[in-house]
Amino acid sequence: MTATQPAAPETTSILIVDDMEENLVALEAVLGSLGHVVRAHSGEEALKAMLRQEFAVVLIDVLMPGMNGFETAANIKGLDQTKDVPIILLTGAAVDPNYAYRGYTVGAADFLIKPFDPWLLRTKVNVFLDLFRKNRQLTDQSEQLKRLLTADGGRPTVTPSAPPPTCASTQPSYGTDDEDTTDSPERPALLDDTGRLSEVVGQLAQAELLLRDANGPGGADLADRVVELEQAVGRLMTERET
């Protein structure tokens with residue numbers, strides 16, 4: 001598997017970057033069951049791969065010839081298309097103790113020293129994969145809400161031709177038969193939109209609970225964004241009912 005092979009759209013992708021083939025093989029053996037693993041043998045190859053497809057996380061070896069791991073990480077963070085992808089830097093034990101500091105300075109989310117515990121590596125990577133999936137779910141639900149609001153904006157507002165009845169036994173009157181014909185198609189449409197808005201609120205509430213339960217970085221911020229969307233939809237529903 002090389003960086004030139006595209007991942008399936010439905011699969012969460014992991015990019016591993018190392019100039020040594022045996023290290024790539026070992027990393028893929030540990031991470032292969034978590035998602036689609038793409039290999040890159042240099043920093044330049046990694047940047048090309050990240051511009052071609054989306055990755056949930058990238059693991060980069062620090063000591064590579066040419067563009068090293070720090071330079072690769074800095075270039076990834078310098079591009080709008082890739083700046084939000086979390087980076088895990090990997091290096092050997094006999095290294096400068098300031099490497100970790102340098103790694104965090106260029107924007108790395110984590111720093112691991114080889115040899116590392118496979119279970120620990122899988123756990124760290126899985127946190128970023130989980131956060132990526134929940135962020136994608138939130139984005140999809142936000143797009144669904146935008147489409148719903150856009151579709152709703154093109155429908156004319158129905159103005160009742162008579163005030164509402166003052167008692168339960170009074171039957172509402174909407175004027176002539178022609179006016180009834182005009183109003184009646186709109187009322188089921190409004191009720192249908194209210195039902196769809198309620199469904200969106202339910203989906204947002206589920207996304208909020210998932211994000212609150214997540215231990216990864218950024219989960220709480222995303223949950224707060226979901227709450228804001230819930231409140232906006234709630235206000236819209238209230239306005240439609242009045």
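Along each chain, residue indices are assigned from 1 in the same order as the chain's sequence is written. In view of the model being predicted, local features appear only for residues whose pLDDT reaches at least 70, and side-chain atom pairs are presented and counted only at 80 or more, with totals across whole chains, interfaces and linings using the full set of residues. In computing side-chain values, all of the structure's heavy atoms are included and hydrogens and water are not.

Here's the deal with the sheet that holds strand 1 (residues 13–17)
So the rule is basically this: Being paired, for any two strands, means DSSP has found at least two bridges between them. A run of H or I in DSSP becomes a helix once it reaches four residues, and a run of E becomes a strand once it reaches two; helices and strands are each numbered from the N terminus. Note on method: axes are straight lines fitted to C-alpha atoms, helices fitted across the in-contact stretch only, with angles between N-to-C directions ranging 0 to 180 degrees. Contacts are assigned to residue pairs that have any heavy atoms within 4.5 Å of one another.
As summarised here, the arrangement of the five strands in space is 2-1-3-4-5, forming an open sheet in which the pairing is parallel. Each end of this open sheet is capped by a strand with a single partner; those strands are strand 2 (36–40) and strand 5 (110–113). Averaged over all pairs of adjacent strands, the angle between strand axes in this sheet comes to 20 degrees, irrespective of strand direction. The sheet contact formed by strand 1 and strand 3 (residues 57–61) spans four bridges and is parallel. Residue Ile 16 lies in a different strand from strand 3, and its bridge partner there is Leu 59. Helix-sheet contacts for helix 2 (residues 43–52) involve strand 1, strand 2 and strand 3, and the interaxial angle to strand 1 is about 165 degrees.

Concerning helix 1 (residues 21–31)
Test applied: Here's how the labels work: a residue is buried when its accessible area is under 20% of the maximum for its type, exposed when over 50%, partly exposed in between, all with a 1.4 Å probe on protein chains only. The arc refers to the directions leading from the helix axis to the C-beta atoms.
Residues Leu 24, Leu 27, Glu 28, Val 30 and Leu 31 constitute the buried set of helix 1. Down the axis of helix 1, the buried set is contained in an arc of 160 degrees. They therefore lie on one face.

Quick look at the pairing of strand 2
In the case of a regular strand, side chains alternate between the two sheet surfaces. Among the five residues that make up strand 2, five are buried, leaving the element largely enclosed by the rest of the structure. Here strand 2 shows two buried faces, one formed by His 36, Val 38 and Ala 40 and the other by Val 37 and Arg 39.

Looking at the pattern of salt bridges
Spelled out, the test is: Any Lys or Arg side-chain nitrogen found within 4 Å of a carboxyl oxygen on Asp or Glu counts as a salt bridge.
If you walk through the whole model with that rule in mind, you get eight salt bridges. Salt-bridge contacts for Arg 39 lead to Glu 28; the nearest nitrogen and oxygen are separated by 2.7 Å. Residue Arg 39 is found in strand 2, and its partner Glu 28 is found in helix 1; the two are separated by 11 residues along the sequence. By relative accessible area, Arg 39 is classed as buried at 12%. Take Glu 28: its relative accessible area is 17%, and that puts it in the buried class. For Lys 124, the salt bridge goes to Asp 110, with nearest N and O atoms at 2.8 Å. Note that Lys 124 is positioned in helix 5 (residues 118–153) and Asp 110 in strand 5, a separation of 14 residues in sequence.

A closer look at the packing of helix 2 against helix 3 (residues 69–77)
What counts here: An angle below 35 degrees is treated as roughly parallel, one above 145 as roughly antiparallel, one from 65 to 115 as roughly perpendicular, and anything else as oblique. By definition, any crossing whose near helix is turned counterclockwise from its far helix by less than a right angle is left-handed, and any crossing with a clockwise turn is right-handed. Residue classes follow a fixed rule: Ala, Val, Leu, Ile, Met, Phe, Trp, Tyr, Cys and Pro count as nonpolar, while Asp, Glu, Lys and Arg count as charged, and any other residue, Gly among them, counts as polar.
Between helix 2 and helix 3, whose axes approach to 9 Å, the crossing angle comes to 25 degrees. It follows from the interaxial angle that helix 2 and helix 3 lie roughly parallel. Along this stretch, helix 2 crosses helix 3, giving a crossing that reads as right-handed. Contacts between helix 2 and helix 3 involve Gly 43, Ala 46, Leu 47 and Met 50 on the former and, on the latter, Thr 72, Asn 75 and Ile 76. Of the residues that constitute the contact of helix 2 with helix 3, the class distribution is four nonpolar, three polar and no charged.

Quick notes on the environment of Leu 129
Secondary-structure assignment places Leu 129 in helix 5. Each C-alpha atom, one on Leu 129 and one on Ser 13, is 8.6 Å from the other, the two residues being 116 residues apart in sequence. Not counting chain neighbours up to four residues away, the residues in contact with Leu 129 comprise Thr 12, Ile 14, Leu 34, Ala 56 and Val 57.

Honestly, that's just the spatial picture; any functional story needs more than this.
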